[in-house]
Amino acid sequence: MKRYYRVQLVIDVVLILEGLLIYMFPEVSAFNANIVFYTMMAIYAGLELCEFLFIRDFKEPLYLFFVSAVCAFSGFFLKSYDASIVLSLTLVAWILMISIIKIASLENIYEKKSHLFTIKLGALSALILISLLVAINIYYRLSTLAYMLALLYLCYGFLEFGMDFLDYLSDDIKFLKE
């Protein structure tokens, strides 16, 4: 297994574990919802920076680092505003920027593997839908922040894990035939 796939799988597992930790300990978000959300964004930004440092071939992890770092850093400037509005808008901005980055990276796949492109586009669409629904729920009910963030990180982690696994399998022609 290439180094790229190992790093990707470790990051996906860490995202899944983050989601499970938030799900198992929801009382942490009762203290300060902003800190939980922006800490998770900072952890994700750090993971993407580590991925870029380990694998310098792709620019996508660097872009994802900047997007997540900007969203995590925005919490310091917007902490005096209503938490539900700030968190939901930050989440919408984050998913919008991530979707732009992921769609731009899909261009390379479309030229080579059309089935993998379709699967990844469907997974990205599902992630966007889940993220928008989570942002709407956070806007109306901040009390469910822990469960909504757990859902978001679990879905994002599992979708990324599945897509990275399919990307790994697509290198061998017998798994994903065109």
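Just so it is clear, the model here is predicted, and its values are computed rather than measured.

Caption draft 1: Highlighting the side chain of aspartate 167. When you line up the elements, aspartate 167 lands in helix H7 (residues 145-170). The contact partners of aspartate 167, leaving out residues within four places of it in the chain, are Tyr4, Tyr5, Leu116 and Lys120.

Caption draft 2: Inspection of the nonpolar core at higher detail. Counting 32 residues, the largest nonpolar core has Tyr44, Leu91, Trp94, Ile138 and Leu149 as the members making the most contacts within it. Sort the elements by how many residues they give to this core and H7 lands first, with eight residues. Counting six residues, the second largest nonpolar core, distinct from the first, contains Tyr4, Val7, Ile11 and Ile55.

Caption draft 3: Here's a closer look at a nonpolar patch on the surface. Taken together, the side chains of Val13, Leu17, Leu20, Leu21, Tyr23, Met24, Phe25, Val28, Tyr147 and Phe161 define a hydrophobic patch exposed on the protein surface, amounting to about 930 Å² of accessible area. With six residues, the single largest contributor to the nonpolar patch is helix H1 (residues 3-24). Among the secondary structure elements, methionine 24 is positioned in helix H1. Judged by relative accessible area, which is 54%, methionine 24 ranks as exposed.

Caption draft 4: Highlighting the side chain of serine 88. When you line up the elements, serine 88 lands in helix H5 (residues 83-112). Here serine 88 falls in the buried class, since its relative accessible area comes to 6%. A polar contact of 3.1 Å, which involves the side chain of serine 88, links it to the backbone oxygen of isoleucine 85. Those residues in contact with serine 88, other than ones at most four positions away along the chain, are Ala135, Ile138 and Tyr139.

Caption draft 5: Structural context of the packing of helix H6 (residues 114-140) against H7. Where H6 meets H7, the axes come as close as 10 Å, and the angle between the chain directions of the two elements is 175°. By the angle class used here, H6 and H7 are roughly antiparallel. For the pair H6 and H7, the contacting residues are Leu116, Ile119, Lys120, Ala123, Ala126, Leu127, Ile130, Ser131, Val134, Asn137 and Ile138 in the first and Leu145, Met148, Leu149, Leu151, Leu152, Cys155, Tyr156, Leu159, Met163, Leu166, Asp167 and Ser170 in the second. Along the lines of polarity and charge, the residues of the contact of H6 with H7 split into 18 nonpolar, three polar and two charged.

Caption draft 6: Inspection of the environment of isoleucine 16 at higher detail. You can see isoleucine 16 is positioned in helix H1. With relative accessibility at 12%, the residue isoleucine 16 sits in the buried group. Here the alpha-carbon distance between isoleucine 16 and tyrosine 81, two residues 65 residues apart in the chain, equals 30 Å. Sequence-distant contacts of isoleucine 16, defined by excluding residues within four places in its chain, comprise Leu154, Gly157 and Phe158.

Caption draft 7: Region of the structure containing the pattern of salt bridges. Tallying each qualifying case throughout the model produces two salt bridges. Glutamate 60 is the salt-bridge partner of lysine 102, the closest N and O atoms lying 3.1 Å from each other. On the criterion of sequence distance, the pair formed by lysine 102 in helix H5 and glutamate 60 in helix H4 (residues 60-77) is long-range, its members being 42 residues apart. Taking relative accessible area as the criterion, glutamate 60 reaches 23% and is therefore assigned partly exposed. The shortest N-O distance in the salt bridge between lysine 102 and glutamate 160 comes to 3.1 Å. One end of the pair, lysine 102, is in helix H5; the other, glutamate 160, is in helix H7, and 58 residues separate them in sequence.

Rules used throughout
The numbers attached to residues start from 1 for each chain and follow its sequence in the written order. Predicted model: local features are reported for residues with pLDDT of at least 70 only, side-chain atom pairs are reported and counted for 80 or more only, and whole-chain, interface and lining totals are derived from all residues. The side-chain quantities take in all heavy atoms of the structure and omit both hydrogens and water. By definition, any uninterrupted DSSP run of H or I lasting at least four residues is a helix, any uninterrupted run of E lasting at least two residues is a strand, and each is numbered from the N terminus. By definition in these notes, contact holds between two residues if any of their heavy atoms fall within 4.5 Å. Note on terminology: a nonpolar core comprises buried Ala, Val, Leu, Ile, Met, Phe, Trp, Tyr and Cys residues joined through side-chain atoms within 4.5 Å. Here's how the labels work: a residue is buried when its accessible area is under 20% of the maximum for its type, exposed when over 50%, partly exposed in between, all with a 1.4 Å probe on protein chains only. Surface patches are defined over residues having more than 30% relative accessible area and no salt bridge, joining like charges when they lie within 9 Å and nonpolar side chains (Val, Leu, Ile, Met, Phe, Trp, Tyr) when within 5 Å. Each accessible area value is a Shrake-Rupley result obtained with a 1.4 Å probe; residue values ignore everything except the protein chains displayed when judging cover. A pairing counts as a salt bridge when a side-chain nitrogen of Lys or Arg comes within 4 Å of a carboxyl oxygen of Asp or Glu. Definition of a polar contact: a pair of N or O atoms within 3.5 Å, with one able to donate and the other able to accept a hydrogen when the atoms are protein atoms, and with sequence-neighbouring residues admitted only if both atoms are side-chain atoms. Between the N-to-C directions of two axes lies an angle of 0 to 180 degrees, each axis being a line fitted to C-alpha atoms and, for a helix, fitted only over the stretch in contact. Each angle receives one of four descriptions, namely roughly parallel if under 35 degrees, roughly antiparallel if over 145, roughly perpendicular if within 65 to 115, and oblique otherwise. Each residue is assigned to one class: nonpolar for Ala, Val, Leu, Ile, Met, Phe, Trp, Tyr, Cys and Pro, charged for Asp, Glu, Lys and Arg, and polar for all the others, Gly among them.

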